[in-house]
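Analysis of the macromolecular model
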Amino acid sequence: MIDLHLSAEVHAARVAGKPVVALESTIITHGMPYPQNVDTARLVEQDIRDAGAVPATIAVIEGRLHVGLDPERLAALGQAKGVAKLSRADMAACMATGGTGATTVAATMIAARHAGIEVFATGGIGGVHKGAETSFDISADLHELAQTPVTVVAAGAKAILDLPKTLEVLETLGVPVIAYGQDSFPAFWSSTSDLPAPLRMDDAASIARAHAMRRALGLPGGQLVANPIPAADQIAAEELAPIIARAQAQADAQGVSGKAVTPFLLQAIFEATEGRSLTANIALVRNNARLAAAIAQELGAIGR
Ligand code: PSU
Ligand code: MN
């Protein structure tokens, strides 16, 4: 029933029992401008190979669920206009109607589980938006983390969000939030925030063991690994705060809502920082890819 297509590379990895790391595609279609989006996607894939694992970028193309995109499909997706942004709610409908769409964190987790991939790298997960008490805008990514057993490596949640509320919801949903190598919860473009992370681990092996332990306990959800952006690449939170506030005010004034909010804010911040937010975003995704590859390898060593 599911038209699943594995890239040759992912198929070979499966046969050989090599570790695989899932990658999302919304960051390509909605998170970064062309051509940096395609360049970054290629670099991130190569980072994973260099770290000894195999990348599987996920997207729905003409109804087919692709796990691993060959370079031509990746380049085409990165230039295509009006690609749908697929989350848990719309992924099946897109596949059923032969549509094309990029997968968010939530939809990528669903696809990864279906393909037997347990580790996934992205930039930052979606979360509770500022003003959620009136807009009710809470990303489906949070609920997915509570349901789908995939370890997601991100640089925390995007700093455009209400980070304290995002952590509260993750706690309510029983999602482990593990800061990597530090006590504070990282804030996407900035390596630290004033929020303590609920858990801390300092090596990939511990994260893999915790993943395997959840599996052994039969717990349904995944883990969020919050990996700080390298200090040299970060933008100070104090510098970003007024820029984010202005972007949010623009979004509110223009009545931006639903799926459009996150891409709108990222674009406004890109313009206000003259591209520096994108440079930082690229650095943090690559950093996350390397850690995810290490976790996938450790998980492979543990076995099932
Ligand atoms: N990480 C990035 N850039 C992005 C995203 C993540 O560095 O654009 C995307 C992911 O696909 C994530 C989505 O799932 O933003 C969150 O969207 P929303 O807030 O509408 O759930
Ligand atoms: Mn939303």
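Just so it is clear, the model here is predicted, and its values are computed rather than measured.

Examining the nonpolar core
One finds Val 67, Ile 125, Phe 185, Trp 189 and Ile 295 to be the most contacted residues of the largest nonpolar core, which totals 104 residues. For this core, the element with the most residues is helix H13 (residues 276–302), which contributes 12 residues.

Observations regarding the UniProt feature "binding site: substrate" (unreviewed entry) in the protein
In the numbering used here, UniProt assigns the feature "binding site: substrate" (unreviewed entry) to Lys 85, Val 105, Ser 139, Ala 140 and Asp 141. Taken together, the annotated residues stretch across 57 residues yet fold into one region, lying no more than 12.9 Å apart by C-alpha. With respect to the secondary-structure elements, Ala 140 resides in helix H8 (residues 140–147). When its relative accessible area of 33% is taken as the criterion, Ala 140 is described as partly exposed.

Things to note about helix H10 (residues 204–217)
When the terminal C-alpha atoms of H10 are compared, their 20 Å separation across 14 residues agrees well with the 20 Å that a helix rising 1.5 Å per residue should span. Residues Ala 204, Ala 205, Ser 206, Ile 207, Ala 208, Ala 210, His 211, Ala 212 and Arg 214 constitute the buried set of H10. Taken together, the buried residues of H10 touch strand E8 (151–154), strand E9 (177–180), strand E10 (199–201), strand E11 (223–226) and H13. Just past H10, the residue Gly 218 takes up positive phi, approximately 75°.

A closer look at the site of ligand 1
As a matter of local geometry, ligand 1 sits amid 19 residues, with Glu 24, Lys 85, Ser 139, Asp 141 and Thr 262 nearest to it. Ser 139 places a side-chain nitrogen or oxygen 2.7 Å from an oxygen atom of ligand 1. Where the shell around ligand 1 is concerned, the elements lending two or more residues are helix H2 (26–31) and helix H12 (261–272). No other element matches the three residues that H2 contributes to the shell around ligand 1.

A few points about the environment of Phe 185
Tracing the chain through its elements places Phe 185 in the loop between E9 and E10. C-alpha of Phe 185 to C-alpha of Leu 163: the two residues are 22 residues apart in sequence and 9.0 Å apart in space. If we skip the residues at most four places from it in the chain, Phe 185 touches Gly 156, Ala 157, Leu 163, Leu 167, Val 177, Thr 192, Ser 193, Leu 195, Pro 196, Ala 197 and Ala 226.

About the criteria used
Residues numbered from 1 in each chain as written. Chains lettered and ligands numbered in written order. Predicted model: local features only at pLDDT ≥ 70, side-chain atom pairs only at ≥ 80, totals over all residues. Heavy atoms only, no water. Core = buried A, V, L, I, M, F, W, Y, C linked by side-chain atoms within 4.5 Å. Buried < 20%, exposed > 50% of the residue type's maximum accessible area, 1.4 Å probe, protein only. Helix = DSSP H or I, 4+ residues; strand = E, 2+ residues; numbered from the N terminus. UniProt positions renumbered as here; feature names shortened; annotations may be inferred. Expected span 1.5 Å × (residues − 1). Contact = heavy atoms within 4.5 Å. Near = heavy atom within 4 Å. Polar contact = N/O pair within 3.5 Å; in protein donor to acceptor, adjacent residues only side chain to side chain.

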